[in-house]
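# Close look at the chain arrangement
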Amino acid sequence: MLAPLRHSAFRYLAAGRLVNMLGNGVAPIALAFAVLDLTGSVRDLGLVVGARSLMTVLFVLFGGVVADRIPRRLVLVGSNVLGALTQAVVAALVLTGTATIPLLLALGAANGIVSALSQPASAAATPQTVPPELILPANALIRLGINAAMIGGAALGGLLVAAVGPGWGLAVDALTFAVAAVAFTGVRVAASPAKSTRTSIVADLREGWTEFTARTWVWVVVLGFMILNAALAGGVNVLGPAVAEETIGRSAWGLVLAAETAGMVVGGLIALRLRVRRLLLLGVACMFAESILLLGLALAPTIVVLLSAAVAVGIAVEQFAVAWETSIAQHIPTDRLARVYSYDMLGSWVAIPFGQIAVGPVAAATGTRQTLLIMATLVVLAVLGMLASRDVRQLRAVAPARAAEAAQTEPTDGGPGGSPEPAEPAARA
């Protein structure tokens, strides 16, 4: 289980991602209440978080091409330096009382572009830091680390917002970007298989698209997560803080988000030891749990209910996430991995900004409770849609000993009944 830690490049990568997630746990809470303090408008909050998500979606394919063309270490270091600068400006504006919605929109958009550059590189770097047989424990260890950091980040974010204000939470996020940039300088690995930089970006994208669409289980799950993530982003990220403001309070909302991540840690420990042949089927079925937190916010927004729901959601999500990242790493050639991740991210995230932006007007028209119930229904329908696919239901896990060979030789499935022994599941954005 701890064998990947013997590799220095993996240790630096895991440390950088852990610090990133510490900041990512603080930032959503701090930004949400910074906007609510500024205007008190759920619609403005949806616009600010939606602008960041939209830029991430628009530029993530370009980020995948960049990460497959140049050393991923350079991409990670550069993007985190830029992230530190943009978040430092946001923090300064909030702390000095000079923030405005247009400024937060512009800086959120800039930070979204930075995220689009870093995330494909971050996801694709792990297989370069460990031998093929250690990819599963490496992914599990990274997720345990970042989930533990998210627990601390969410709890710290809630406490900072309640005690000293959201500006200091945003300052902590800026600091974590800078620390992560330093950690990523240690991710020194062999270069990916030679890739001609004379090919056009369009040709690179076409090659990545071919890899992405060749496996039916990939695009079916990504399509399902397009709907699921939009519902969660609007329901939990936008309406969640607004409901918490009226019921359990700001610091308690931080504890709820921390509880979800605590569930992910427990789920990661379970995933390390779980051995089932149809991991994708199990992972997708677990996603029904995503509706529980939305239902809790709609029907019983008390601390006991929301904490319990958050833990259950976290455990379920992690079964899905570890298997997906391992599966993609085992079955996609290294030199195309970042581009496939970028298509995965694009499909999974493309509807998030629309969910974040639209949820405010919908809640104003129909009521917050009714909107949350609609979001929960969309989650259930998305999971049922994924389970309707025969490829998703019948996909089988690949033994670790065969991972290196499978990544280079697995035939495409082209539809139901194609490849006889594919892999596992998909991850929440």
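Description of the structure in this document. (Residues numbered from 1 in each chain as written. Predicted model: local features only at pLDDT ≥ 70, side-chain atom pairs only at ≥ 80, totals over all residues. Heavy atoms only, no water.)

## Things to note about a nonpolar patch on the surface
Taken together, the side chains of Leu54, Leu58, Phe59, Phe62, Ile201 and Phe354 make up a nonpolar region of the molecular surface, amounting to roughly 550 Å² of accessible area. The dominant element in the nonpolar patch, judged by the number of residues it contributes, is helix α2 (residues 42-69), at four residues. Inspection of the secondary structure assignment puts Phe354 in helix α14 (residues 352-366). (Patch = residues over 30% accessible without salt bridge, like charges linked within 9 Å, V, L, I, M, F, W, Y side chains within 5 Å. Areas by Shrake-Rupley, 256 points an atom, 1.4 Å probe, with all protein chains shown as cover. Salt bridge = Lys/Arg side-chain N within 4 Å of Asp/Glu carboxyl O. Helix = DSSP H or I, 4+ residues; strand = E, 2+ residues; numbered from the N terminus.)

## Description of the packing of α2 against helix α13 (residues 337-349)
Interhelical geometry of α2 versus α13 gives an angle of 170° and a closest axis separation of 7 Å. The angle between α2 and α13 places the two elements in the roughly antiparallel class. Between α2 and α13, the contacting residues are Thr56, Val57, Val60, Leu61, Gly64, Val65, Ala67 and Asp68 on the first element and Leu337, Ala338, Arg339, Ser342, Tyr343, Met345, Leu346 and Trp349 on the second. Of the residues that constitute the contact of α2 with α13, the class distribution is eleven nonpolar, three polar and two charged. (Axes fitted to C-alpha atoms, helices over the stretch in contact; angles between N-to-C directions. Parallel < 35°, antiparallel > 145°, perpendicular 65-115°, else oblique. Contact = heavy atoms within 4.5 Å. Nonpolar A, V, L, I, M, F, W, Y, C, P; charged D, E, K, R; others polar.)

## Comments concerning the packing of helix α1 (residues 8-38) against helix α9 (residues 250-273)
Direction vectors running N to C along α1 and α9 enclose 150°, while the axes themselves pass 11 Å from each other. By the angle between their directions, the pair α1 and α9 is classed as roughly antiparallel. The element α1 and its partner α9 pack so that their crossing is right-handed. Contact residues: Ile29, Phe33 and Asp37 in α1; Arg250, Trp253, Gly254 and Leu257 in α9. (Left-handed = near helix turned anticlockwise from the far one by under 90°.)

## Thoughts on helix α10 (residues 279-286)
Among the residues of α10, those classed as buried are Leu279, Leu280, Gly283, Val284 and Cys286. Seen end-on, α10 carries its buried residues on one side only, within an arc spanning 160°. Buried residues belonging to α10 abut α8 (216-246), α12 (303-331), α15 (368-387) and α16 (390-394). (Buried < 20%, exposed > 50% of the residue type's maximum accessible area, 1.4 Å probe, protein only. Arc of directions from axis to C-beta.)

## Focus: the nonpolar core
In terms of nonpolar packing, the biggest core is built from 116 residues, with Leu228, Trp253 and Val284 touching the most fellow members. For this core, the element with the highest residue contribution is α8, accounting for 15 residues. Not counting residues up to four positions away in its chain, the partners in contact with Trp253 are Phe33, Val236, Gly240, Pro241, Ala244, Ile248 and Leu297. In terms of nonpolar packing, the next biggest core, distinct from the first, is built from six residues, Leu136, Ala140, Ala271 and Val322 among them. (Core = buried A, V, L, I, M, F, W, Y, C linked by side-chain atoms within 4.5 Å.)

## Things to note about the environment of Pro241
Structurally, the position occupied by Pro241 is in helix α8. For Pro241 and Ala32, which are 209 residues apart along the polypeptide, the C-alpha to C-alpha distance reads 7.0 Å. Ignoring any residue separated from it by four or fewer positions in sequence, one finds Pro241 in contact with Ala32, Phe33, Leu36, Val236 and Trp253.

## Side note on the packing of aromatic side chains
Counted according to the given criterion, the structure contains four aromatic pairs. Among the aromatic residues, those joined into a ring-pair cluster are Trp209, Phe212 and Tyr343. (Phe/Tyr/Trp six-rings, centres within 6.5 Å; stacked < 30°, edge-to-face > 60°.)

## Quick look at the pattern of salt bridges
Following the criterion strictly, the structure yields three salt bridges and no others. Its salt-bridge partner being Arg143, residue Glu318 comes within 2.6 Å of it at the nearest N-O pair. Placement of the pair is Glu318 in helix α12 and Arg143 in helix α5 (residues 135-163), with a sequence separation of 175 residues. You'll find Glu318 and Arg143 in the same group, each marked buried. In this structure, the salt-bridge partner of Arg215 is Glu211, at a minimum N-O distance of 3.1 Å. When its relative accessible area of 9% is taken as the criterion, Glu211 is described as buried.

## Some points on the environment of Pro28
Its place among the elements puts Pro28 in helix α1. A relative accessible area of 47% places Pro28 in the partly exposed class. Between the C-alpha atom of Pro28 and that of Gly169, which follows or precedes it by 141 residues, the distance is 9.3 Å.

## Section: the environment of Pro4
Within the secondary structure, Pro4 is located in the segment before α1. Residue Pro4 is classed as buried on the basis of its relative accessible area of 0%. Sequence separation of Pro4 and Glu133 is 129 residues, and the distance between their C-alpha atoms is 9.9 Å. Apart from the residues within four sequence positions on either side, Pro4 is in contact with Phe10, Val130, Leu134, Pro137, Ala138 and Leu141.

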